[in-house]
Amino acid sequence: MAQRIYKTIRRTSVPDKALSYPQKKTKRSKSKIFSESSDILHLIAKMPEPGEDDSPHNLLIFQYQLLRHSYPDFPEKMLRVLYVREKGNSKFVSDSLKGRGWDCKDRSIVSMLAKESNPHFNIHYFWGEWNEDYRNELNGCLPGVFFTTFKPECESFYVYYVNEDKEICQMEISSPEMIESEQQLFSLTTPLGRPESIPHFKLVPFL
């Protein structure tokens, strides 16, 4: 059997006129600011305006920092475990902590807490932190099969897919989710579900 060819494709290689959807590039600098700051006013000031850069990545980190600010006496490692266990639902985590007797330092931010789980946990074809073994899952798959992943060393999301020549390709993307127009543009027809063996904490290696 002929050896498979692996290709790397970046959005910049696609002619502008071929793009029928607005491109939104995740601004990693904001994520770094979120993770390094403990000043809630600074966090709020850096929160992207609606529609500007409301990526699941940035929102997940922002919500986690709100919890850290609100419960500074609660062990950080345990807070991270609770946050991941509840799939980014920061309001539920806050309510649980208050129910156990922990005092909320800043009640003014309660209205800003997320009441729903974050897409990182709900997108069934997002496999989380990249593992070289994941590439093998595409061997023998039909054209159009794909899944998304996150590479911490690049601080970027990627989609891995099988093209029409049955070659395994990778492409940098801005979010764990592939919107419909992107799937159509690159002929991505069959999302490959995340194995149950991948734990939730592997979906958010940047926390």
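Thresholds, definitions, all that
- Residues numbered from 1 in each chain as written.
- Predicted model: local features only at pLDDT ≥ 70, side-chain atom pairs only at ≥ 80, totals over all residues.
- Heavy atoms only, no water.
- Buried < 20%, exposed > 50% of the residue type's maximum accessible area, 1.4 Å probe, protein only.
- Helix = DSSP H or I, 4+ residues; strand = E, 2+ residues; numbered from the N terminus.
- Arc of directions from axis to C-beta.
- Contact = heavy atoms within 4.5 Å.
- Axes fitted to C-alpha atoms, helices over the stretch in contact; angles between N-to-C directions.
- Parallel < 35°, antiparallel > 145°, perpendicular 65-115°, else oblique.
- Left-handed = near helix turned anticlockwise from the far one by under 90°.
- Nonpolar A, V, L, I, M, F, W, Y, C, P; charged D, E, K, R; others polar.

**Student:** Help me get a handle on helix H5 (residues 90-99), residues and values and all.
**Tutor:** Every buried residue of H5 is listed here: Ser90, Val93, Ser94 and Leu97. For H5, the angular spread of buried residues about the axis comes to 100°, placing them on one side. Summarising the contacts, the buried residues of H5 are in contact with helix H3 (56-70) and helix H4 (76-85).

**Student:** Kindly report on the environment of arginine 80, identifying the contributing residues and their values.
**Tutor:** When you line up the elements, arginine 80 lands in helix H4. With twelve residues separating them along the chain, arginine 80 and arginine 68 place their C-alpha atoms 9.1 Å apart. Those residues in contact with arginine 80 that sit more than four places away from it in its chain are Tyr64 and Leu207.

**Student:** Account for the packing of H3 against H4, with residues named and values stated.
**Tutor:** At a minimum axis distance of 11 Å, the contact between H3 and H4 shows a crossing angle of 135°. The angle between H3 and H4 places the two elements in the oblique class. Pair H3 / H4 crosses with right-handed handedness. Every residue of H4 that contacts H3 at Leu59, Leu60, Gln63, Tyr64, Leu67 and Arg68 is listed here: Glu76, Leu79, Arg80 and Tyr83. Here the contact of H3 with H4 is composed, by residue class, of six nonpolar, one polar and three charged.

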